[in-house]
Amino acid sequence: MKNNFLQSVKGYIPILEWLPKYQKTDLQGDLSAGLTVGIMLIPQGMAYAMLAGLEPIHGLYAVTVPLILYAIFGTSRQLAVGPVAMVSLLTAAGIATLNATSPEQYLLYALSLAFLVGLIQFGMGLFKLGFVVNFLSHPVISGFTSAAAIIIGLSQIKHLFRINLPNSEHIQEMIVAIFQNIGDIHWITFGIGVVGIIIIKYGKKIHKSFPAPLVAVIVGIALVTGFDLTSQGVKIVGDVPSGLPSLSSPSFDFATWKTLLPIALTISLVGFAESFAVAKTIQAKHKNYRLNANQELTALGLANFGAAFFQGYPVTGGFSRTAVNNDAGAKTTLSSIFSAILIVLTLLFFTGLFYNLPSAILAAVVLVAVSGLIDFKEPVHLWHKDKADFAMLVATFVITLTLGIETGIISGMVLSLLVIIYRASRPHIAQLGRVPGTNTFRNITRFKNLEVRDDLLMVRIDGPIYFANVEFIKDKLDLWISEKGKKVKMLVFNMESVSNIDSTGAHELNEWINTWRKSGMDISMTSIKGPVRDVLNRWALLESVGTDHIFLDDNTALSAFDHAITEETLEKYSSYATQTNTK
């Protein structure tokens, strides 16, 4: 009893599973990875906070308590949680609808959004709803991510060029504004940004653990300080408050929640999809632990609660940081705790060093990060392999670019559901014929030279029989029956691929059987699965078909049909002979 309780607790607090077994040999990898990711988080956190419309310091606050909470409750041992470009942009897009009148009110909305995201993710984890994210198909995520990356990149042009641009998430508005203001480029700012991009983009070629973003930050600060570039119009971060984040409280105003709810749902699903995808990829390389989707939701929910109550904003697992964390040798989530400690030390002692940090360098951090999110290969791959998924990717991409982030992801989800419904409403149905000299039956459209009889129609339905597809199934069967004409004496349903039958399907099936038998065509069923047999029995369909018309396989059904024909022929011959002898 005690062991069961402890195991149950470990399921909810995974750190209790691995911490007692922690090996000293893992410490070097965790420490190295923690410091590497921590160094990476400093410029990234500040840059993403600016992208979200917040002061840079809130990006650092978002990688303190949230990191520690995920380290305790998360099941991935390498996932690096914190602000990411996508969620930052979604945060800015969601809060923009509330028209905040001051930075303090904007922060309150950001805290409220983090709380709502935490509430949704924690609730989904609690009620085992991790499967919901499956409604975001890969083509939808790919199209959405690529479009959002372009919007994020364009949103940073104002910091890179130091020009005035409106806050917008519609590409047409952004491009028009850029062309209208292109003549106002501040070339020194632009030059600093290009230097930052080059360092961050190509610094990794020196060594994979080279802290390129931090080096770009140092170079940017050195240029501004050494050449007094602020006097020449270069915008800098300015005062960065020191000290740990104080307790904060989100808004519990219902009207605010109602406005933020759609974007909170979007962040919850997109954030979890991104986080779980990278966690699965990394876990597959280690295989010494298991991921739990519902516990991941719970852990991310708690991390967002931490952001809401400690002056952060919504967080999730990031692709680039997790890859760096893994490559740097992370063995457990202790690496995240080391990263959080480094951020805490920075907040306590080193925030003054960032006073002269150019905004263009933070824009460079974002631009390089999102450039890797634009997927050129997937559309080409889908064009050759699956035109329907290609169309879904393109539709999501175009809608996101032109109508906005929120509309794009919701449209993508709706498109995914419509495709699922469409495909489910048109199940594959095969007409079967026998392979000569065997008891094997195959699809007549895929195999040549099969034995097909005019007096027999043998079909296999590959999918459930339910309200959405009964008309399609009936139309297909009627077509085949009409093609054979009145020669068909028996219709054999191969049920091996039928996974379920709902009440509508059962009712319609019963109607079909009665209609066909009245027209002189008999019905048999073969290879019925246990759960489907239970449904047929519940609706008295087994009784309607007749137990002598239910068979284990197609060959047995065919033998019984041939035997019935022989019996019928002998009966007719006997009747004819008797009549002849009487005469």
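A.B. asks: Help me understand the overall build of the chain in this model?
C.D. replies: Helix and strand content of the chain: 25 helices and eight strands. Every one of the 583 residues in the chain was classed for burial, and the buried ones make up 51%. Contacts in the chain between residues far apart in sequence, at least 24 positions, make up 81% of those at least 6 positions apart. Summed over all atoms, the accessible surface of the chain reaches about 27,800 Å², with 61% contributed by carbon and sulfur. Separation of charge centres in the chain, based on 44 positive and 41 negative side chains, amounts to 6 Å.

A.B. asks: Just checking my understanding: could you explain unusual backbone geometry for this structure?
C.D. replies: A negative phi angle is the norm for most residues apart from glycine, just as the trans form is the norm for most peptide bonds. The phi dihedral of N99 is positive, around 50°, even though this residue is not glycine. When its relative accessible area of 59% is taken as the criterion, N99 is described as exposed.

A.B. asks: Can you walk me through a nonpolar patch on the surface in this structure?
C.D. replies: On the surface, L126, F127, L129, F131, F135, I410, V414, L417, L418, I420 and I421 cluster together into a nonpolar patch covering about 1,000 Å² of accessible area. Looking at the nonpolar patch element by element, the count peaks at six residues for helix α20 (residues 405–424). Residue placement: L417 occurs in helix α20. Overall, L417 belongs to the partly exposed group, its relative accessible area being 34%.

A.B. asks: Can you help me understand the packing of aromatic side chains in this one?
C.D. replies: Aromatic ring pairs are reported here in terms of the distance separating the ring centres and the angle at which the planes meet. The full count for this structure, using the stated rule, is 15 aromatic pairs. Taking 5.3 Å as the distance between ring centres and 75° as the angle between the ring planes, the aromatic pair formed by F115 and F252 counts as edge-to-face. Of this pair, F115 sits in helix α7 (residues 103–126) while F252 sits in the loop between α12 (212–227) and α13 (254–286), and the two are 137 residues apart along the sequence. For F115, a relative accessible area of 11% gives the class buried. Between F161 and F190, the aromatic rings sit 5.1 Å apart at their centres with planes inclined by 70°, giving edge-to-face as the arrangement. Of this pair, F161 sits in helix α9 (residues 157–161) while F190 sits in helix α11 (residues 187–202), placing them 29 residues apart in sequence.

A.B. asks: What is the right way to look at the pairing of strand β3 (residues 428–434) in this model?
C.D. replies: Two faces, one strand: in a regular strand the side chains alternate between the faces of the sheet. Of all seven residues in β3, five are buried; the element is thus mostly enclosed. Bridge analysis of β3 against strand β5 (residues 456–462) gives four bridges, and the strand direction is antiparallel. Bridging from a neighbouring strand, A430 pairs with R460 of β5. Relative to strand β4 (residues 441–443), β3 runs antiparallel, the two being bridged by three bridges. Across the sheet, the residue bridging to R434 is F441, located in β4.

A.B. asks: What am I meant to see in the pattern of salt bridges here?
C.D. replies: Any two side chains of opposite charge can pair if their charged atoms end up close together. Under the counting rule described, the total for this entry stands at ten salt bridges. Residue D386 is joined to R423 by a salt bridge in which the shortest nitrogen-to-oxygen separation is 3.7 Å. Pair noted here: D386 is in the loop between α18 (377–385) and α19 (387–403) and R423 is in helix α20, with a separation of 37 residues, a long-range link. The class of D386 is partly exposed, set by a relative accessible area of 24%.

A.B. asks: Explain the confidence of the model for the chain to me, please; I cannot follow it from the model alone.
C.D. replies: Detailed conclusions should not be drawn from predicted coordinates in areas where pLDDT is low. For the chain, the average pLDDT comes to 88, and 95% of its residues sit at 70 or higher. Across residues 572–583, confidence stays below pLDDT 50; counting only partners more than four residues off in sequence or on other chains, it has zero contacts.

A.B. asks: Teacher, can you tell me more about the pairing of β5 here?
C.D. replies: The buried count for β5 comes to six of seven residues, which makes it a mostly enclosed element. As paired elements, β5 and strand β6 (residues 490–494) share five bridges and run parallel to each other. The partner of L456 across the bridge, within β6, is M490. Regarding the hand of the β-α-β motif, the stretch spanning β5, helix α21 (residues 470–484) and β6 is right-handed.

A.B. asks: What should I look at first to understand the packing of α13 against helix α15 (residues 319–327) in this one?
C.D. replies: Geometrically, a packed helix pair is captured by the angle between its two axes and the distance between the axes. Contact pair α13 / α15: the axes reach a minimum separation of 10 Å and the direction vectors enclose 20°. Between α13 and α15, the interaxial angle falls into the category roughly parallel. Considering the relative orientation of α13 and α15, their crossing is right-handed. Packed against α13, whose contacting residues are E274, V278, I282, K285 and H286, the element α15 presents F319, T322 and N326 at the interface. Residue composition of the contact of α13 with α15, by class: three nonpolar, three polar and two charged.

A.B. asks: I tried to follow the side chain of T526 on my own but got confused; where do I start?
C.D. replies: Relative to the elements of secondary structure, T526 occurs in strand β7 (residues 522–526). Overall, the relative accessible area of 0% leaves T526 in the buried class. Among the polar contacts listed, one links the side chain of T526 to the side chain of D554, at a separation of 2.7 Å. In this structure T526 touches V492, F493, N494, M495, E496, F551, D553, D554 and A557, once residues within four positions along its chain are discounted.

A.B. asks: When you look at the sheet that holds β7 in this model, what are you seeing that I'm missing?
C.D. replies: Either a parallel or an antiparallel arrangement is found when strands of a sheet pair, and the pairing is made through backbone hydrogen bonds. Reading across the sheet, the six strands line up as β4-β3-β5-β6-β7-β8 and stay open at both edges, with mixed pairing between neighbours. The outermost strands of the open sheet, each flanked by one partner alone, are β4 and β8 (550–551). Relative to β7, β6 runs parallel, the two sharing five bridges. Each bridged residue has a counterpart across the sheet, and for F493 the counterpart in β7 is M525.

A.B. asks: Would you explain helix α3 (residues 27–51) in this entry?
C.D. replies: Residues spaced three or four apart along an α-helix face the same direction, because each turn holds 3.6 residues. The end-to-end C-alpha distance of α3, which contains 25 residues, comes to 35 Å, matching closely the 36 Å that a straight helix rising 1.5 Å per residue would cover. The sharpest bend along α3 reaches about 35° and sits at L41, with the proline P43 one to four residues further on. Counting buried residues along α3, 19 of its 25 residues qualify, which places the element largely inside the surrounding structure. Directly beyond the C-terminal end of α3, a positive phi value near 90° is found at G53.

A.B. asks: Quick question: what am I supposed to make of α12 here?
C.D. replies: The first and last C-alpha atoms of α12 sit 22 Å apart over 16 residues, in line with the 22 Å expected at 1.5 Å per residue. A212, P213, A216, V217, G220, I221 and V224 are the residues of α12 that are buried. Those residues of α12 that are buried lie in contact with α3, α11 and α17 (359–371). Immediately downstream of α12, the backbone of D228 shows phi near 50°, a positive value.

A.B. asks: Would you mind showing me how to read the nonpolar core here?
C.D. replies: Proteins that are soluble and globular tend to have nonpolar side chains buried together. Membership of the largest hydrophobic core comes to 115 residues, with the highest contact counts inside it found for M46, L54, Y313, F354 and L357. Excluding residues within four positions of it along the chain, L357 makes contact with M46, V217, I221, K235, I236, V237 and L362.

A.B. asks: Looking at this structure, how should I read the packing of α7 against helix α14 (residues 293–309)?
C.D. replies: Following both chains from N to C, one finds α7 and α14 inclined at 160°, their axes separated by 7 Å at the closest point. Comparing their axes, α14 and α7 come out roughly antiparallel. The handedness of the crossing between α7 and α14 comes out as left-handed. Contact with α7, carried on its side by L111, A114, F115, V117, G118, L119, Q121, F122, M124, G125 and L126, involves N294, L297, T298, L300, G301, L302, N304, F305, A307, A308 and F309 of α14 and no other residues of that element.

Calculation rules
- Residues numbered from 1 in each chain as written.
- Predicted model: local features only at pLDDT ≥ 70, side-chain atom pairs only at ≥ 80, totals over all residues.
- Heavy atoms only, no water.
- Helix = DSSP H or I, 4+ residues; strand = E, 2+ residues; numbered from the N terminus.
- Buried < 20%, exposed > 50% of the residue type's maximum accessible area, 1.4 Å probe, protein only.
- Contact = heavy atoms within 4.5 Å.
- Areas by Shrake-Rupley, 256 points an atom, 1.4 Å probe, with all protein chains shown as cover.
- Lys, Arg positive; Asp, Glu negative; His and termini not counted.
- Charge placed at Lys NZ, Arg CZ, Asp CG, Glu CD.
- Patch = residues over 30% accessible without salt bridge, like charges linked within 9 Å, V, L, I, M, F, W, Y side chains within 5 Å.
- Salt bridge = Lys/Arg side-chain N within 4 Å of Asp/Glu carboxyl O.
- Phe/Tyr/Trp six-rings, centres within 6.5 Å; stacked < 30°, edge-to-face > 60°.
- Pairing = 2+ DSSP bridges.
- pLDDT = per-residue confidence, 0-100.
- Right-handed = clockwise from strand over helix to strand, strands pointing away.
- Axes fitted to C-alpha atoms, helices over the stretch in contact; angles between N-to-C directions.
- Parallel < 35°, antiparallel > 145°, perpendicular 65-115°, else oblique.
- Left-handed = near helix turned anticlockwise from the far one by under 90°.
- Nonpolar A, V, L, I, M, F, W, Y, C, P; charged D, E, K, R; others polar.
- Polar contact = N/O pair within 3.5 Å; in protein donor to acceptor, adjacent residues only side chain to side chain.
- Expected span 1.5 Å × (residues − 1).
- Bend = angle between axes of the 7 residues up to and from the residue.
- Core = buried A, V, L, I, M, F, W, Y, C linked by side-chain atoms within 4.5 Å.

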